[in-house]
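Each chain is listed here by its residues.
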Amino acid sequence: MTRITRRTALIGAASAMALPAVPSVGFAAGYPEKPVRTIVPIAPGGQTDVLIRLLQLAIDKNKLLPQPLVIVNNAAAGGTAGTRLVRDAEPDGYTMGVFHMGLLTAPAMGVVDYDHSAFDLIGQVARTPIGLGVTADSRFKTIKDLLAEAKEKPDSVRVAMNIGLLPHFVPLMFQQDAGVQFRYVQSGGGAVRLKSLLGGHTDTSIFASSEFVLYKDQGIRPLVMFSESRVADLPDVPTAREIGLNTVFEERVMAFAPKGTPKDRIAVLAKALEASMNDPEVVERFKALGVERQFIPGDRLVGILDGLKGPITRVGDEVKKAQAANKP
Amino acid sequence: MTLAEAFLHLFSLKSFLIVVAGVGLGVSVGVLPGITAGMLMALTLPFTYHMGSLDAISLLIAMFIGGVSGGLITATLMRIPGEPNSIMTCLDGYQLAKRGYPGRALGLGNASSLVGGILSWLALVLVAPPIAKAVVALGPFESFAIILMALILISSLSEGSFLKGLSAGLLGMLISFPGIDESSGIMRLTFGITALEGGVNSLPVILGMFAVSQVVADALNIEEKSEAIEASMHGMFVSFRDYLVHGWNMLRSSLIGVWIGILPGVGSTIASIVAYTTAKNMSRTPEAFGTGSEEAIVASESANNATTGGTLIPLMTLGISGGLTDSILLGALIIHNFQPGPLLFRNHPDIVNTIFASHLVAHLVMFVMMTFGIALFAKLMRLPRAFILPMVIVFSVLGAFALNNRAFDIWVMLTFGLVGILLEFAKVPLAPFVVGLVLAPVAESELRAGLMASGGSFMPLVERPIALTVILISAALFVWPFYRDVRRRFEPKQARA
Amino acid sequence: MNPDRLQRVAEIGYIGLILVIAVALQLEARRLPPAPYDPLGPGSFPLWVSYGLGALAVAMAVRLVLGRSLGQASHSMVTGLEGGAGHTPSPATAILLLAFSVLYAVGLSVRAVPFVAATMVYLFAGGAVLGPLRSKRLLGVAVFAVVAAFALDFLFRRLFSLDLN
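Every value quoted in this text rests on a predicted model; they were computed, and no experiment measured them. (Residues numbered from 1 in each chain as written. Chains lettered and ligands numbered in written order. Predicted model: local features only at pLDDT ≥ 70, side-chain atom pairs only at ≥ 80, totals over all residues.)

Looking now at the overall build of chain C. The helix and strand tally for chain C stands at 5 helices and 0 strands. For 165 residues, the compact-globule estimate of 2.2 N^0.38 gives 15 Å, and the C-alpha radius of gyration of chain C, at 23 Å, exceeds that figure by more than 25%. Along the first, second and third principal axes, the C-alpha atoms of chain C reach 60 × 50 × 25 Å. Burial status across chain C gives 36% buried among its 165 residues. The long-range fraction of contacts in chain C, counting pairs at least 24 apart against all pairs at least 6 apart in sequence, stands at 54%. (Helix = DSSP H or I, 4+ residues; strand = E, 2+ residues; numbered from the N terminus. Rg over C-alpha atoms; globule rule 2.2 N^0.38 Å. Buried ≥ 20, exposed ≤ 12 C-beta atoms within 10 Å, placed from the backbone. Contact = placed C-beta atoms within 7 Å.)

Before going further, it helps to spend a moment on the environment of Val72(A). Within the element layout of this structure, Val72(A) appears in strand E2 (residues 69–73). Assessed through the 19 C-beta atoms surrounding it within 10 Å, Val72(A) is described here as partly exposed. Remark: the alpha-carbon pair of Val72(A) and Ile42(A), spanning 30 residues in sequence, is separated by 9.5 Å. Sequence-distant contacts of Val72(A), defined by excluding residues within four places in its chain, comprise Arg37(A), Thr38(A), Ile39(A), Val40(A), Asn405(B) and Asp163(C).

To continue, consider the pairing of E2(A). All names here are of chain A. Where strand E1 (residues 36–40) lies against E2, 5 bridges are found, and the strand directions are parallel. In the sheet register, Val-36 faces E2, and the bridge partner there is Leu-69. Taken together, E1, helix H2 (residues 47–61) and E2 constitute a β-α-β crossover, and its handedness is right-handed. (Pairing = 2+ DSSP bridges. Right-handed = clockwise from strand over helix to strand, strands pointing away.)

On to the nonpolar core. By size, the foremost hydrophobic cluster in this structure holds 342 residues, and its most contacted members are Leu60(B) and Val435(B). Apart from residues no more than four positions distant in its own chain, Leu60(B) is found in contact with Met41(B), Thr44(B), Thr48(B), Ile328(B), Leu329(B) and Ala332(B). (Core = buried A, V, L, I, M, F, W, Y, C linked by C-beta atoms within 7 Å.)

So, about unusual backbone geometry. The amide bond that connects Tyr31(A) to the next residue, Pro32(A), takes the cis arrangement and shows omega of -10°. Phi is positive for Lys427(B), close to 60°, though the residue is something other than glycine. Relative to the helices and strands, Lys427(B) resides in the loop between helix H18 (408–425) and helix H19 (431–454).

This part covers the interface of chain B and chain C. Facing the 69 residues of chain B at the interface are 73 residues of chain C. At the level of secondary structure, the elements contributing two or more residues to the side of chain B that touches chain C comprise helix H5 (87–98), helix H9 (162–175), helix H10 (202–220), helix H17 (385–404), H18 and H19 of chain B. Counting residues per element, the side of chain B that touches chain C draws most heavily on H17(B), at 12 residues. Grouping the amino acids of the side of chain B that touches chain C by side-chain chemistry returns 44 nonpolar, 12 polar and 13 charged. (Nonpolar A, V, L, I, M, F, W, Y, C, P; charged D, E, K, R; others polar.)

In this section: the environment of Gln186(A). Assignment of secondary structure puts Gln186(A) in strand E6 (residues 183–186). Between the C-alpha atom of Gln186(A) and that of Pro167(A), which follows or precedes it by 19 residues, the distance is 9.8 Å. When near neighbours in sequence (up to four residues on either side) are disregarded, Gln186(A) contacts Met161(A), Ile163(A), Ser183(B), Ser445(B), Arg448(B), Ala449(B) and Met452(B).

Before going further, it helps to examine the interface of chain B and chain A. Interface size is commonly expressed as the accessible surface area that is lost when the partners come together. In this complex, chain B contributes 40 residues to the contact, which on the side of chain A involves 40 residues. Of all the secondary-structure elements, those providing two or more residues to the side of chain B that touches chain A are helix H3 (37–48), helix H6 (102–137), strand E1 (179–180), helix H14 (324–335), helix H15 (342–347) and H19 of chain B. Its residues placed into classes, the side of chain B that touches chain A shows 20 nonpolar, 17 polar and 3 charged.

In this section: the packing of H6(B) against helix H13 (residues 294–318) of chain B. Residue and element names in this part refer to chain B. Remark: H6 packs on H13, axes separated minimally by 6 Å, with the N-to-C direction vectors making an angle of 30°. Our classification of the angle between H6 and H13 gives roughly parallel. Helix-helix and strand crossings are classified by hand; for H6 and H13 the assignment is right-handed. For the contact of H6 with H13, the residue count by class is 21 nonpolar, 12 polar and 2 charged. (Axes fitted to C-alpha atoms, helices over the stretch in contact; angles between N-to-C directions. Parallel < 35°, antiparallel > 145°, perpendicular 65-115°, else oblique. Left-handed = near helix turned anticlockwise from the far one by under 90°.)

What follows concerns the confidence of the model for chain C. Across chain C, the average pLDDT comes to 91, with 98% of residues at 70 or higher. Taken element by element, chain C is modelled with least confidence in helix H1 (residues 3–30) of chain C, mean pLDDT 92, and with most confidence in helix H4 (residues 115–129) of chain C, mean pLDDT 96. (pLDDT = per-residue confidence, 0-100.)

We now examine H13(B). Residue and element names in this part refer to chain B. Here H13 spans 37 Å end to end across 25 residues, near enough to the 36 Å set by a 1.5 Å rise per residue. Of all 25 residues in H13, 25 are buried, a share of seventy percent or more. Gly-319 occupies a position one or two residues after H13 and carries a positive phi of about 85°. (Expected span 1.5 Å × (residues − 1).)

Looking now at the environment of Met161(A). Residues and elements named next belong to chain A. Tracing the backbone shows Met-161 in strand E5 (residues 158–161). Among the residues examined, Met-161 registers 28 C-beta atoms within 10 Å and is labelled buried. In the structure, Met-161 is positioned 31 residues away from Val-192 in sequence and 9.5 Å away in space, judged by C-alpha atoms.

All names here are of chain A. For helix H10 (residues 280–288), the full list of buried residues reads Val-282, Arg-285 and Phe-286. For H10, the angular spread of the buried residues around the axis is 100°, confining them to a single face. For H10, the exposed residues lying more than 90 degrees away from the buried face are Pro-280, Glu-284 and Lys-287. Residues of H10 that are buried make contact with H2, strand E4 (119–135) and helix H9 (263–276). Backbone geometry just after H10 places Gly-290 at a positive phi near 70°. (Arc of directions from axis to C-beta.)

Residue and element names in this part refer to chain A. Within E1, 4 of the 5 residues are buried, leaving the element largely enclosed by the surrounding structure. With 3 bridges joining them, E1 and strand E3 (residues 95–99) adopt parallel strand pairing. Bridge assignment links Arg-37 to a residue of E3, and that residue is Thr-95.

Below you can see the structure in the form of structure tokens.
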């Protein structure tokens with residue numbers, strides 16, 4: 001399924017005129033012959049942006065591709081402008097996107113009408129465990145305390161969130177699994193949620209495992225992690241599974257290409273990305289950022305994301321229910 | 001590394017050259033309308049990966065400070081804001097230059113930038129941790145009240161025509177609405193246009209209103225022999241007496257700048273407008289504002305430079321960033337393995353002291369560079385206008401585009417060029433528009449966050465002491481211009497009688 | 001057109017513009033769904049602004065009809081739009097420059113024209129209209145356009161990798 005927009009048609013026409021002898025698409029030999037436009041729907045300096053730029057440098061340094069990746073940031077519309085750009089691009093292997101789980105949460109919020117299935121996935125390049133935390137002097141000593149109060153007094157435990165993204169969706173999943181009701185307060189990125197907790201304006205929030213390590217001295221305590229098993233950096237923190245709840249969710253950074261990109265070209269990009277993740281500097285930086293270096297190839301990643309679709313849609317419905325209940 | 005060692009390190013040849021290069025590039029993009037320091041830093045960020053961490057951060061800080069300062073030159077000599085934060089300087093700087101004192105206008109602006117920078121440096125170095133504590137205590141209701149106080153500025157900026165000024169403020173506010181609503185994640189007011197889903201960024205709007213419209217006006221007057229700026233750069237050096245005369249204004253405007261710098265998402269443009277208005281309201285000669293008032297230049301330029309230190313406080317102590325420049329500094333710190341927060345001060349005194357030292361040294365370098373470099377810039381601006389005016393448009397186009405690599409932002413800029421011309425013909429004041437544009441999104445998201453926390457109750461606005469105090473001050477500020485107008489209208493009659 | 005008349009026409013245009021905007025805002029904001037968590041929702045602020053704009057537009061219209069002045073900004077932010085003393089204003093030049101700028105934006109948005117070429121043509125055309133059409137001057141403008149276009153291309157497209165053609 002190729003979308004031919006006016007723009008791509010024009011580009012096609014222009015390049016056909018300029019290069020009469022374009023080799024027919026389908027041969028990876030010689031690919032890529034020009035820089036690969038890498039669209040990052042995040043402002044420069046954000047974690048996803050930093051991660052892909054580290055890989056870009058490693059690809060360059062180790063000559064993993066004959067041509068460089070050129071990073072193009074487009075953070076408009078919560079990242080959906082960027083994913084749309086990738087979706088509508090010519091599937092010739094010269095455009096790819098790199099984004100986080102916003103790829104799946106945006107359609108659940110009703111902001112866009114496409115999800116990961118609108119792309120050919122190249123692979124997952126990073127994964128971050130996340131969990132719920134409170135301040136050191138919080139009245140909640142354990143996750144059981146928190147759930148007990150939320151059950152007894154619905155809509156009293158205030159969650160600092162970032163609407164439409166994981167700090168919003170994961171507490172919602174957790175509340176569904178635990179059968180409780182939190183109160184949600186929009187705040188923003190990790191540092192803003194930290195400030196909200198420290199100032200006592202909210203009670204709990206989602207943080208990445210690396211943030212728990214960093215914020216420890218500021219008195220942020222993890223209560224529960226949403227990983228399959230305990231996180232190496234936080235050996236004392238139980239997982240949701242251990243308290244009998246089935247909330248498992250992690251942040252993932254993924255690379256993807258427009259639907260219909262030739263398989264062999266995707267394979268070239270996937271191989272370069274995977275190899276770049278073994279660069280010693282990447283290893284060191286990812287560790288420092290608290291990010292797990294785990295490459296999952298596109299075909300396996302599809303299965304994982306398809307599996308997450310159900311819980312995410314359920315959460316989206318929960319948001320719609322809250323909206324309906326809020327009707328004046 | 002102590003602070004003294006950090007200074008010593010900066011004065012080693014390589015590090016010093018890095019600061020000089022950073023300030024030079026920063027001032028240059030500051031001079032270019034459209035290209036902002038944020039863009040320069042975003043584009044430089046990838047190049048810093050392989051630099052030593054301390055040098056990388058010094059370079060970015062130097063660019064940040066150079067960029068905040070450079071806008072003054074274009075504003076004074078061409079009446080086009082080189083950076084959004086110099087729009088208030090356009091008003092009086094250009095008038096003073098046109099009266100034959102370009103050197104005086106630039107010299108005062110430059111001196112005020114330095115003083116603003118140094119005072120904000122003192123705030124950063126001496127009181128960052130206690131200020132950070134205070135910032136944490138401010139909840140959404142308090143933040144809303146503070147933003148409301150700044151929004152009230154619209155009323156004092158509407159002098160001459162209250163109806164027009166207020167409507168311009170509201171018009172500015174509505175520009176911020178289309179796109180994803182930050183508080184609910186719901187797409188709103190896009191009128192079915194996909195490009196509007198990304199919202200309207202304030203930079204192309206300001207570029208259109210102030211740069212494009214001015215270029216059009218200059219093209220209209222292309223026959224005019226421009227002699228004003230031909231005058232000498234005499235007066236670049238500001239005497240000690242000037243510092244005394246303007247001392248209180250510099251101090252007050254710098255405090256305003258530091259305070260506004262601390263509030264995430266508000267930024268140096270608003271700081272300069274607030275300082276300008278405050279200076280005007282407290283001046284003995286408010287009628288001189290807009291006609292080349294020295295006080296006005298001093299207020300605007302000390303405030304916008306003073307935000308630099310203010311911005312670094314929440315950035316370094318909490319890791320909170322509001323604008324593009326601070327996000328990039330934050331990203332750079334993280335890339336170089338320094339996580340901002342109180343821990344930064346304990347675990348990485350080297351980077352903390354390097355930031356402190358670079359902030360001050362960059363200001364000093366900026367001051368020297370501007371003092372001696374302004375003559376060069378002034379020469380450049382004497383190039384034929386047939387070269388300069390189309391270039392200004394090209395830079396504005398590139399600046400708008402570079403924000404998100406979207407052609408849509410170019411169209412926004414051109415559209416607001418036309419809107420700016422219409423508003424100017426209708427004699428609608430433009431400053432309230434900018435205030436509404438920048439502050440409305442912050443005010444809305446803070447109020448709604450507060451309501452989410454309170455379960456829908458507005459009561460905390462009057463129950464929380466800080467919020468209540470600030471709201472009462474806002475109310476007084478709102479009523480003040482009416483009261484003053486009424487009294488003024490009343491007084492001459494008495495005098496005549 | 002004399003300045004007073006021009007101001008009056010522009011004022012009527014301005015009032016018309018904000019009325020249209022206020023109505024459009026009303027229609028669009030009323031259709032918005034409520035937010036999941038806060039009582040104001042995405043529509044309240046836009047609605048308040050549209051009420052304010054509507055009220056101000058009506059107030060200004062009434063004043064105009066009654067023949068009273070709306071006042072004017074105490075100082076203007078863009079100078080010279082009304083021309084100035086001692087020279088003839090050239091509206092044709094201003095309009096041409098604006099038109100070229102729009103064409104330049106079109107060229108960049110459809111990505112049909114390479115950035116270097118578009119910029120070169122724009123700088124030349126813009127420079128050409130901003131002065132007498134003498135061959136010596138035009139040559140200077142042309143040289144400037146070529147040099148500047150290549151410099152900008154190197155700086156923004158190569159070095160800073162802006163996503164331009």
